[in-house]
Amino acid sequence: MRFSRKFFLLVLVLTLAALVGLQLTTAQDQAPIQIGVAVAQTSNVALLGQEQVIGAQIAEAFFNERGGVNGRPIQLVLQDTAGDEAGAINAFQTLISANVVGILGPTLSQQAFSADPLAEQAGVPVLAPSNTAKGIPEIGEFIARVSAPVAVVAPNAVAAALDINPDIKTVAVFYAQNDAFATSETGTFQETVTARGLTLLPVQTFQTTDTDFSAQITNVLPSNPELVIISGLAADGGNLVKQLRELGYTGLIIGGNGLNTSNVFPVCQALCDGIIIAQAYSYQADTEINRAFVEAYTAGQGKNPPQFSAQAFAGIQVFVEALTRLDNVIPLETLDVAQTRALLNAFILTGRYDTPLGTLTFTRDGEIIQAQFYVAQIDMADDGQTGQFVFIR
Amino acid sequence: MNDFINTYGFLIISLVLQAILALSMYLPLMAGQLSLATPGFYAIGGYVAAILSVRTFLPASGTTFPEPLQSFVLWLGTVFPATPQGQAFPVSLLLVEMLIAGVLCGLLAIIVGLPALRLRGIYLALATIAFVEIVRVVSLNLPITGGSIGIFGIPQPYPTKFEFAWIAVPFLVIVALFVYRLERVRVGRALVSLREDELAAAAMGINPTYHKVLAFTLGAVIAGACGALSAHFINTWNARQGTFDASILILAYVIIGGSRTWLGPIVGAFLLTALPEVLRGAADVQGIPTFLAQFLKDGRLIIFGLLIAFSTLFFPQGLITPNLFKRRGGSEGER
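Only a predicted model underlies this, so the values are computations on that prediction, with no experimental measurement involved. (Residues numbered from 1 in each chain as written. Chains lettered and ligands numbered in written order. Predicted model: local features only at pLDDT ≥ 70, side-chain atom pairs only at ≥ 80, totals over all residues. Heavy atoms only, no water.)

**Remarks on the nonpolar core**
By size, the foremost hydrophobic cluster in this structure holds 123 residues, and its most contacted members are I103 of chain A together with F41, L229 and W237 of chain B. Element by element, the count of residues in this core is highest for helix α1 (residues 2-30) of chain B, at 14 residues. Counting residues in each nonpolar core, the second largest holds 71 residues, with I54, V294, A322 and L360 of chain A among its members. (Core = buried A, V, L, I, M, F, W, Y, C linked by side-chain atoms within 4.5 Å. Buried < 20%, exposed > 50% of the residue type's maximum accessible area, 1.4 Å probe, protein only. Helix = DSSP H or I, 4+ residues; strand = E, 2+ residues; numbered from the N terminus.)

Listed below in C-alpha cells is the structure:
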C-alpha cells in the first residue's frame, strides 16, 4: 500500500509538471486574429454562459464568412471562468498570456470586479456581454460593456405601463429579499416610480422559496394599486402573479428580469397573461443583421435567440468592426500585440455599431449607449399552457 | 520563467491560500470535530479587509452616526486613509487588517463555538453550515458589505498577483509550522485523544469543551486572516465567497489529502486547486490529437471528479498518512 501510494503521488505530480512544461513551449499561431471569450461554461452560471458561447460562435462563423477582418479570419479562444471569482481571474490570465487582442467576458458582474483589473493592468480591451451592475466601465479605460445596466433597462417597463394606462397613481412593489439581482433591480423600480411622481405603497418582501403570498398581497390590495411591480424568480414570481389575480387584482403587472423566461408559463398559466417585461433585445427587431442572427440561431437551436446570445454576438461584432477600422488605418501586421490592444481599445470606444441589439455607441468610459430598448408583454394561448412574449415597444 | 510567473502566478498564490484554509479546517478535525465553519470566518475576514481598505464604513455624505460611533468611525478613517488611484496599498496596513480579522474571528468563534461544540458529528456539521449561511445572508443585506454586488475596487498592495507570495508564503509556513508543532505538544495530543475517544480523554483529565473550542477558535483565526489577504488578492469581495460549496471543497482538500497529519490538507489543497487549471492548460498543448484536446477542455471537470472518486476509493485515509513518514525516523509511536 505504501509503495502504490507513493507511486500514485509521484505520477500525479510528474504529470502535472509535464503538462505545465508543455503548455509553456506551445508556440503562438499568428494566422487568424484571436479574440478571447471568457464566460461560464461550467457551474450554476453555465446556463447563461452556454447561451453566450453560442452567440459568440455564431458571430465567429458569420463574420468569417463575410471576410473576417479585411480578409483575415478571426478565431475565438474559449476559456471557462466557471461561476467564481478565482475562475474568472484564471481564465483572463490564460487569455492575456495567450496574446488575444481582446476579451469578451465574464458572465457575472462580481466576476468582472475581480478579473477586469487584470486586463486593465495588462492593457487588454474587455467587452462585458452581460455585466449589468453599477461601476463596471469605471473599473478602467480598457473595460467597456455591451449589456445595458439594470438602471437603464428596467424603467422602460414603467414607461410602457404608463402608456397602456396613463391613469396609474398608486404602485405596489414586491421583491425577493434573498435574491441578489431582484434586490438591486427593485431599487431601480422604486426610484423610477418615485421619480415619475407616483405613490409607492409600502414595499413587500418575500423569499424565492415562498409559495404563499396572501399576507403580502392583503397588505397592499386595500389601497387599490393600479400597477404591481415584481422582482423575483420564475417560480415565486409566477405564483405571486397567480395569487394576485385570484385575490381580485385586475391592474397591470410588471415583471423583473427574473420573470423574463418561458418557465413562468406553467406556474401562473392563463393568469400570466399581460405581464410586462423590459428587454435589452428583441428577436423581432427588423434589421438586416438581426434577421441574419435570428436565422443562424434558430437553424442551430430550434428556438428564438435569448438576450444573452444576442449580446455576445454584438460583443464579437464590436471587436471585428473595430479591428477592421483599425486595419484600414494601420495594417495589423505592422503592430505588435500590445500596440494592437491599445489601439483596438481606442477604436472600440469611438465606433458606431449596427448590431442585433440595435445601434450601439460607447461613452468615453466604456458605458454602452443603446439606441433602442424593448418591452414585451406575455400573451398566453387559450389553453393556458403555452404562451409567448409579444413586443409592444 | 517570466511567462510561467505571468500565467501561473495567480494560481500559485491561490494554492497557498487554499492550503491555509485547509489547515484551518484541519484544526477542529484534529479534535474530532467536523466543523464546516471555515468559509464563514473566511468571508468575515475578507469583509473586514474590504470594508477597511475601501472605507465603506464611512457614513454616507451628509449623514452622521450617533456620537461615540461617529468619532470612532472618523478615527478609523484616519488610520485607514484613502488609497489614491494608481498608488500601492501599504503592506503594513494589510498586516493590520489580517490581525484585526483574525482577532475578530477568534472572538466570534468563542461565542459561536461554546454552544455549537456541544453538538457532535453530523449535528455540529449542520450547525456550522447554518453559521456559514447566516454570515452569507447577513452580508447580502447589509449596506456596509455592499449588498449583493459586494465591495469592489479593493486597493492592491503589489503590482502583480505573484508578489502576494511575500505575505502568503510566510503565512502558510507559519501556520504549517504551528500545526506541525501542535501535533507534538501536550495540547495537540489532548486534541488527538479527543478525536480518538472523547470519553477516555475526559476520564484522563482532559477538558473536552476547552480543547474543542480552542481548536475551533484557532481555525477561525487562521481563516479570518486568510480571508483578509484574499480580499486584496481577488480585487473584490461579496457574499459568494463564503458558501456551503466552499465548505465542501475545503473539506475535500482535507479528506483527499489526509486528515491525520498536517501535510495532508496542504497536499490536498495544492492538488485539488491546481488540477482543473493544469487540465485547462493541457488542452492547449500542441501536437496532441484534436479529440483529446477537446476532451481535456470540455471534460476537465469530469477528470477532476474521477480523480477525487478514485483517490477516495483507493486511499480512504487520504493521500498522505502518518505511515508515509515512519520509515524516515518520523515514527514517534503517537497513534
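**Side note on the state of the cysteines**
This structure, assessed with the given rule, holds 1 disulfide over all chains. The residue that forms a disulfide with C268 of chain A is C272 of chain A, at a sulfur-sulfur distance of 1.9 Å. Of note, the bridge from C268 of chain A to C272 of chain A carries an S-S torsion of about 100 degrees and is right-handed in sense. Accessibility classification places C268 of chain A together with C272 of chain A in one group, the buried group. You can see C105 of chain B has no disulfide; the closest cysteine sulfur is in C226 of chain B, sitting 11 Å from it. Using a relative accessible area of 0% as the deciding quantity, one classes C105 of chain B as buried. (Disulfide = S-S within 2.5 Å.)

**Here we look at the domain arrangement of chain A**
Residues and elements named next belong to chain A. Taken domain by domain, chain A consists of domain 1 (33-148 + 286-362) and domain 2 (152-279 + 374-391). Computed over C-alpha atoms, the centres of domain 1 and domain 2 are 32 Å apart. Each partner contributes residues to the interface: domain 1 has 4 residues there, and domain 2 has 5 residues. Interface area, domain 1 with domain 2, both sides summed: about 330 Å², of which 49% is carbon and sulfur. (Domains from an automatic or database assignment. Contact = heavy atoms within 4.5 Å. Buried area = accessible area lost by both parts, 1.4 Å probe.)

**Describing the side chain of T128 of chain B**
All names here are of chain B. With respect to the element layout, T128 can be found in helix α5 (residues 121-141). Residue classification places T128 among the buried positions, given a relative accessible area of 3%. In this view, T128 contacts L34, S35, L36, A37 and F216; residues no more than four positions away in its chain are not counted.

**Overview of the packing of helix α2 (residues 46-65) of chain A against helix α12 (residues 307-329) of chain A**
When two helices pack together, their arrangement is given by the angle between their axes and by how far apart the axes lie. Residues and elements named next belong to chain A. One can describe the packing of α2 onto α12 by two numbers: an axis separation of 7 Å at closest approach and a directional angle of 40 degrees. On the basis of their axis angle, the class for α2 and α12 is oblique. Relative to α12, α2 is oriented so that their crossing is right-handed. Where α2 abuts α12, its residues L48, E51, Q52, G55, A56, I58, A59, F62 and F63 lie against F308, S309, A312, F313, I316, Q317 and V320. Tallied by class, residues from the contact of α2 with α12 come to 11 nonpolar, 4 polar and 1 charged. (Axes fitted to C-alpha atoms, helices over the stretch in contact; angles between N-to-C directions. Parallel < 35°, antiparallel > 145°, perpendicular 65-115°, else oblique. Left-handed = near helix turned anticlockwise from the far one by under 90°. Nonpolar A, V, L, I, M, F, W, Y, C, P; charged D, E, K, R; others polar.)

**Things to note about the packing of α2 of chain A against helix α11 (residues 288-301) of chain A**
All names here are of chain A. Interaxial distance between α2 and α11 falls to 10 Å at its minimum, and their mutual angle equals 120 degrees. For the element pair α2 and α11, the recorded crossing hand is right-handed. Contacts between α2 and α11 involve E51, I54, I58, F62 and F63 on the former and, on the latter, I289, A292, F293, A296, Y297 and Q301. When the residues that make up the contact of α2 with α11 are grouped by side-chain class, the tally is 9 nonpolar, 1 polar and 1 charged.

**A word on the environment of G384 of chain A**
Residues and elements named next belong to chain A. Locating G384 in the fold gives a position in the loop between β15 (374-380) and β16 (387-391). Spatially, the C-alpha atoms of G384 and A270 are 4.1 Å apart, while their sequence positions differ by 114 residues. Not counting residues up to four positions away in its chain, the partners in contact with G384 are Q269 and A270.

**Overview of the sheet that holds strand β4 (residues 126-128) of chain A**
Residues and elements named next belong to chain A. The sheet built from 5 strands is open, its strands ordered β2-β1-β3-β4-β5 with parallel pairing. In this open sheet, the two edge strands, each paired with only one partner strand, are β2 (74-80) and β5 (143-145). Note that strand β1 (residues 33-39) and strand β3 (residues 103-104) share 2 bridges and pair parallel. Considered in β3, the bridge of V37 is made with L104. Contacts between helix α3 (residues 85-97) and the sheet are confined to β1, β2, β3 and β4, with β2 contributing the most and set at about 150 degrees to the helix. (Pairing = 2+ DSSP bridges.)

**Points about the interface of chain A and chain B**
Of the residues lining the interface, 46 residues belong to chain A; the matching set on chain B comes to 44 residues. Of the roughly 4,100 Å² buried at the junction of chain A and chain B (both faces included), carbon and sulfur atoms supply 63%. Across the contact surface, chain A and chain B share 1 salt bridge. For E85 of chain A, the salt bridge goes to R240 of chain B, with nearest N and O atoms at 3.1 Å. Summed over the shared surface of chain A and chain B, the result is 8 residue pairs in polar contact (both at pLDDT 80 or more). For the side of chain A that touches chain B, the element with the highest residue contribution is helix α1 (residues 2-25) of chain A, accounting for 13 residues. When its residues are assigned to classes, the side of chain A that touches chain B shows 20 nonpolar, 19 polar and 7 charged. (Salt bridge = Lys/Arg side-chain N within 4 Å of Asp/Glu carboxyl O. Polar contact = N/O pair within 3.5 Å; in protein donor to acceptor, adjacent residues only side chain to side chain.)

**Some remarks on the pattern of salt bridges**
All names here are of chain B. All chains considered together, the criterion is met by 11 salt bridges over all chains. One salt bridge connects E198 with R120, and the closest N-O pair in it is separated by 3.6 Å. Here E198, found in helix α8 (residues 198-203), pairs with R120, found in the loop between α4 (91-116) and α5; they are 78 residues apart in sequence, far enough to count as distant. Relative accessible area serves as the criterion here: at 54%, R120 is assigned to the exposed category. For E198, the salt bridge identified is with K212, shortest N-O distance 3.2 Å. Of this pair, E198 sits in helix α8 while K212 is found in helix α9 (residues 208-233), placing the two residues 14 residues apart along the sequence. Across this residue pair, the class does not change: E198 and K212 are buried. Members of the salt-bridge network, linked through shared partners, are R120, E198 and K212.

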